[in-house]
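# Architecture and fold: a report
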Amino acid sequence: MSTNRILAFLELLQARPGLTGPELAERLEVDVRSVRRYVRRLEDLGIPVEAERGRYGGYRLRPGYRLPPLMLTGDEAAAVVLGLLAGRRAGLTVGEGAAESALAKIQRVLPDALRDRVGAVEEMVGLTTRTAATSRPSGATLLTLADAARRRLRVRLAYRSFRGQDSERAVDPYGLVFHSGRWYLTGHDHRRGEVRTFRLDRIGRAETTGEEFPAPGEFDAVAHVMESLAAVPYRYEVEVVLATTMEEARRRIPPAVAALAPVDGGVRMTGRAERLDGMAQVLAGLGVPFTVVGPPELREEVRALARRLEQWADRPPRD
């Protein structure tokens, strides 16, 4: 049964109450039997449709009934609620409390029977993913930047760097990316004269300037953000040669962790790290032989990790 046809049927009931079954069927380009099915479907959703019998009888909504502003089937309502729950957990939602208020509004306008079932989904479904502990950008910022990127309009940003430095920047927005609980904007930064990546939760203000910019061509916003994250200026620059194929390396190493390039005998992995003990654990978890090119301190961290693993392997089981 077409949802669009049901909505069109509902619009006719509101605009022209009293239309007969044949008249409704003609306008909807269906048969009278389909009209009866639409009536039953609306009644299942809690929307009372009255049918006047007789030669001149027709269909109308029950007098005094106020139609909710939102019409959702059971599957659609479940999809919306699950999307909001998962988005809230992953950090995908924007604005503080936006997901909670949206859920409350949806439940208020649903018919009683469907509201109870949707409430059961919200109450009983558990999510195994860890709750994102990141700052959420404002919805206004996200909407402004998305619209500017689509219309290719330059924006002016009030931005605070990770060092806490405030600046004003003119940016040509190329795209928005959500990754690991954070929102990112990528585009041409006129202050630096290059394509940069900005975190949305560090944008204090975003407004369009009205100036258009040329299309960036075959630009991959996701790939650029991943490369930018891998090149974050952490304390150590790491280079390792992995004894594996490019295909296998790409499968095991996310683009945000390191850059990969084929070399004789394997794959060169380059990236940056703030802590080398964590990088040692990453390398050990890959499950492939590797050669540390630099820094030398990484070799010591790998040896230290191997010693700890050996000690833990020899620990006797507890009774």
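Please read these numbers as outputs of a predicted model, since none were measured by experiment.

### A short note on helix H11 (residues 296-313)
Spanning 18 residues, H11 covers 26 Å between terminal C-alpha atoms, matching the ideal 26 Å at 1.5 Å per step. Looking at H11, one finds that the buried residues are Leu-298, Ala-304 and Leu-305. Take H11 and look down its axis: the buried residues cluster within an arc of 120°, on one side only. Seen from the open side of H11, the exposed residues pointing more than 90 degrees away from its buried face are Pro-296, Glu-310, Gln-311 and Ala-313.

### Quick notes on the sheet that holds strand S8 (residues 236-242)
The sheet built from four strands is open, its strands ordered S9-S10-S8-S11 with antiparallel pairing. Of all strands in the sheet, those with a lone pairing partner are strand S9 (259-263) and strand S11 (290-294), marking the two edges. Averaged over all pairs of adjacent strands, the angle between their axes in this sheet comes to 25°, without regard to strand direction. Helix-sheet contacts for helix H10 (residues 276-286) involve S8, strand S10 (266-273) and S11, and the interaxial angle to S8 is about 15°. Contacts between H11 and the sheet are confined to S8 and S11, with S11 contributing the most and set at about 140° to the helix.

### Quick word on the packing of helix H5 (residues 98-109) against helix H6 (residues 112-124)
Between H5 and H6, the shortest axis-to-axis distance is 9 Å and the interhelical angle comes to 155°. If you check the angle between H5 and H6, you find them roughly antiparallel. In terms of crossing hand, the pair formed by H5 and H6 is left-handed. Seen from H5, the contacting residues are Leu-103, Gln-107 and Arg-108; seen from H6, they are Arg-115, Val-118, Gly-119 and Glu-122. The residue inventory of the contact of H5 with H6, partitioned by class, reads two nonpolar, two polar and three charged.

### Focus: unusual backbone geometry
For the bond from Gly-294 to Pro-295, the omega torsion is 0°, close enough to zero to count as cis. Looking at where Pro-295 falls in the secondary structure, it is placed in the loop between S11 and H11. A positive phi angle is found at Glu-29, which is not glycine, with a value near 60°. Note on placement: Glu-29 falls in the loop between helix H2 (21-28) and helix H3 (32-44). When its relative accessible area of 66% is taken as the criterion, Glu-29 is described as exposed.

### Focus on the pattern of salt bridges
This model, assessed by the stated rule, comprises 17 salt bridges. A salt bridge links Arg-196 to Asp-189; its shortest N-O distance comes to 3.5 Å. In this pair, the class of Arg-196 matches that of Asp-189, namely buried. Of the charged contacts in the structure, one is a salt bridge between Glu-248 and Arg-252, with a shortest N-O distance of 2.5 Å. Residue Glu-248 and its partner Arg-252 are located together in helix H9 (residues 246-252), separated by four residues, close to a single helical turn. What you see here is one network of salt bridges that share partners, running through Asp-147, Arg-150 and Arg-151.

### Quick notes on the environment of Leu-153
Mapped onto the secondary structure, Leu-153 falls in strand S3 (residues 153-160). When the C-alpha positions of Leu-153 and Glu-211 are compared, they lie 5.6 Å apart, and in sequence the two are 58 residues distant.

### Describing H10
When H10 is considered as a whole, its buried residues turn out to be Leu-276, Met-279, Ala-280, Leu-283 and Leu-286. All buried residues of H10 project into a common sector of 120° when viewed along the axis, lining one side. Remark: Gly-287 follows H10 within two positions and exhibits a positive phi of approximately 75°.

### Brief notes about the sheet that holds strand S6 (residues 194-199)
Reading across from one edge, S6-S5-S4-S3-S7 is the order of the five strands in this open sheet, with antiparallel pairing throughout. In this open sheet, the two strands that pair with only one neighbour each are S6 and strand S7 (203-212). The average undirected angle you get between the axes of adjacent strands in this sheet is 45°. Taken together, the six bridges between strand S5 (residues 182-189) and S6 define a ladder with antiparallel strand orientation. Among the inter-strand pairings, Asp-189 is bridged to a residue of S6, identified as Glu-194. Lying on the sheet, helix H8 (residues 221-230) is in contact with strand S4 (166-179), S5 and S6; it crosses S4 at an angle near 115°.

Conventions used here
Residues numbered from 1 in each chain as written. Predicted model: local features only at pLDDT ≥ 70, side-chain atom pairs only at ≥ 80, totals over all residues. Heavy atoms only, no water. Helix = DSSP H or I, 4+ residues; strand = E, 2+ residues; numbered from the N terminus. Expected span 1.5 Å × (residues − 1). Buried < 20%, exposed > 50% of the residue type's maximum accessible area, 1.4 Å probe, protein only. Arc of directions from axis to C-beta. Pairing = 2+ DSSP bridges. Axes fitted to C-alpha atoms, helices over the stretch in contact; angles between N-to-C directions. Contact = heavy atoms within 4.5 Å. Parallel < 35°, antiparallel > 145°, perpendicular 65-115°, else oblique. Left-handed = near helix turned anticlockwise from the far one by under 90°. Nonpolar A, V, L, I, M, F, W, Y, C, P; charged D, E, K, R; others polar. Salt bridge = Lys/Arg side-chain N within 4 Å of Asp/Glu carboxyl O.

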